[in-house]
Amino acid sequence: KEFLHIEVTDVVTQDIGQDETAVTVTAQVTGVKRSASRLQPGATITVTYTSHNRAIIGPSPSPILKRGDRLTAYLNPSNRRGVFVEAALGRSFVTK
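Our subject in this report is the structure included herewith. A quick note: this is a predicted structure, and the numbers were derived from the prediction, not measured.

1. So, the pairing of strand 4 (residues 70–77)
Step number 1: Here six bridges tie strand 1 (residues 2–17) to strand 4, and the two strands are oriented antiparallel to one another. For L4, the partnering residue across the bridge sits in strand 4 and is A73.
Step number 2: Bridge analysis of strand 4 against strand 6 (residues 93–95) gives three bridges, and the strand direction is antiparallel. Residue pairing for strand 6: A73 is matched across the bridge by F93.
Step number 3: Taken together, the three bridges between strand 4 and strand 5 (residues 83–86) define a ladder with antiparallel strand orientation. By the bridge assignment, L75 is partnered in strand 5 with E86.

Given below as structure tokens:
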């Protein structure tokens, strides 16, 4: 539902299991291609997801983003205002 260009401003990680890392990303929206949430450039958003640290069968895992990354992001809104989740798992973040 959200097709955005973002710049990562902060990343917080936490190990949550043997092979999983919880990731919370804060990013500034730098461009909007499509937004069901009516986001505008300059907005700050939070993205939460889990990254798998080993190969698993199925969709590719999302990478752990880094501060300063400039990406195209495909996201869905979560049940918390201003917080988004991956829309396409490992394909949710595409390097420009």
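2. As for the nonpolar core
Step number 1: Counting 17 residues, the largest nonpolar core has V25, I45, L75 and F93 as the members making the most contacts within it.
Step number 2: For this core, the secondary structure elements donating two or more residues are strand 1, strand 2 (20–35), strand 3 (44–52) and strand 4.
Step number 3: At four residues, the largest contribution of residues to this core is made by strand 2.
Step number 4: Apart from the residues lying within four places of it in its own chain, the contact partners of F93 are V47, Y49, S62, L65, L71, T72, A73, L75 and E86.

Here is what the cut-offs are and how they apply
- Residues numbered from 1 in each chain as written.
- Predicted model: local features only at pLDDT ≥ 70, side-chain atom pairs only at ≥ 80, totals over all residues.
- Heavy atoms only, no water.
- Pairing = 2+ DSSP bridges.
- Helix = DSSP H or I, 4+ residues; strand = E, 2+ residues; numbered from the N terminus.
- Core = buried A, V, L, I, M, F, W, Y, C linked by side-chain atoms within 4.5 Å.
- Buried < 20%, exposed > 50% of the residue type's maximum accessible area, 1.4 Å probe, protein only.
- Contact = heavy atoms within 4.5 Å.

Function-wise, these values are silent; they only describe arrangement.
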